[in-house]
Amino acid sequence: MFDIAWSEMLLIGGVALVVIGPKDLPGALRTAGQAIGKIRRMASEFQGQFNDAMREAELTDLKKQVDDIGNSIQASTNFDPIEPMKDFGAADASKPAAADDKAMKDAEATLAKLPAPDLPAPVSIEPAPVAEPEPETKPKRRRKTVATEEPAVAVEAVPAEEPPAKPARKRKPKAAEAEGGETA
């Protein structure tokens, strides 16, 4: 930045230590760092504004170039969009009025002969029906048959045994009442 070598920085640090003193040196360095940060922020802000001004100037030049190109194209086609609007409906002096009327009638006749355009059918969007979920069913168990030489005989299903009934809950015996009606 300022082309200061490390040896020069060491010399400046030593002089600052002697002049400012070890007690006030951290505060002085903090103040110097804040000042340098403020200067850098100001410099970057100025640089940003300068770049914005340059971009704006470039955009102005670019807009001018585009306008020049548009004017040259307009001049090469000899078309003035405002001129026909001024004389709209008035007869052109270079063409006879009868020729314009005949051309207009021909165009109207051609348009009248054209079929009307077919309009598409109206589209209606309806929500799709919601399917009801099927109840879950367990697949039936199949009994395995043992292959024997004899023809298979239908086996009747035997109802499963009912589980044994649960024994009745036992109640805790009441505590024996001690004399005087108190429980022990």
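Calculation rules
- Here, residues in each chain are numbered from 1, in the same order as that chain's written sequence.
- Local features in this predicted model are restricted to residues whose pLDDT is 70 or higher, and side-chain atom pairs enter the listing and the counts only when it is 80 or higher, whereas totals over whole chains, interfaces and linings include all residues.
- Hydrogens and waters are ignored; side-chain quantities use all the structure's heavy atoms.
- A helix here means a DSSP run of H or I that spans at least four residues, while a strand means a run of E at least two residues long, and both kinds are numbered starting from the N terminus.
- The cut-offs for exposure are 20% and 50% of the maximum accessible area for each residue type, with area from a 1.4 Å probe on protein chains only; residues under the lower value are buried, those over the upper are exposed, and the others partly exposed.
- Each patch is built from residues lacking any salt bridge and having more than 30% relative accessible area; the joining distance is 9 Å for like charges and 5 Å for nonpolar side chains (Val, Leu, Ile, Met, Phe, Trp, Tyr).
- Here, Shrake-Rupley sampling with a 1.4 Å probe gives the accessible areas, and only protein chains in the shown set may cover a residue.
- The rule for a salt bridge is simple: a side-chain nitrogen of Lys or Arg has to be within 4 Å of a carboxyl oxygen of Asp or Glu.
- Along the chain, pLDDT gives the predictor's confidence residue by residue, from 0 to 100.
- Expected span of a helix, by definition, is 1.5 Å for each gap between consecutive residues, and there is one gap fewer than residues.

Student: Sorry if this is basic, but what is going on with the overall build of the protein chain here?
Tutor: Helix and strand counts for the protein chain stand at four helices and zero strands. Starting at the N terminus and ending at the C terminus, the protein chain contains elements arranged as α-α-α-α. Going through the 184 residues of the protein chain one by one, you find that 1% of them count as buried.

Student: How should a nonpolar patch on the surface be read in this particular structure?
Tutor: A contiguous nonpolar surface patch, about 510 Å² in accessible area, is contributed by L11, V15, V18, V19 and I20. Looking at where V15 falls in the secondary structure, it is placed in helix α1 (residues 6-20). According to the relative accessible area criterion, V15 is partly exposed, its value standing at 46%.

Student: What am I meant to see in the pattern of salt bridges here?
Tutor: Two side chains bearing opposite charge may form a pair once their charged atoms approach each other closely. Using the criterion set out here, one finds three salt bridges in the structure. Between K63 and D67 there is a salt bridge, and its shortest N-O distance comes to 3.4 Å. Placement of the pair is K63 and D67 together in helix α2 (residues 25-77), with a separation of four residues, close to one helical turn. Of the charged contacts in the structure, one is a salt bridge between K102 and D106, with a shortest N-O distance of 3.8 Å. Separated by four residues within a single helix, K102 and D106 lie in helix α4 (residues 97-113), roughly one turn from each other. Taking relative accessible area as the criterion, D106 reaches 42% and is therefore assigned partly exposed.

Student: Hey, could you run me through the confidence of the model for the protein chain in this one?
Tutor: In this model, the protein chain carries a mean pLDDT of 75, and residues with pLDDT of at least 70 account for 66%. Ranking the elements of the protein chain by mean pLDDT puts helix α3 (residues 83-86) last, at 54, and α1 first, at 89.

Student: Sorry if this is basic, but what is going on with α1 here?
Tutor: Each α-helix turn comprises 3.6 residues. Residues three or four places apart therefore point the same way. Taking 1.5 Å per residue as the helical rise, α1 with its 15 residues ought to reach 21 Å, and the 20 Å between its terminal C-alpha atoms agrees with that figure. In the stretch just after α1, G21 is the one whose phi turns positive, near 100°.

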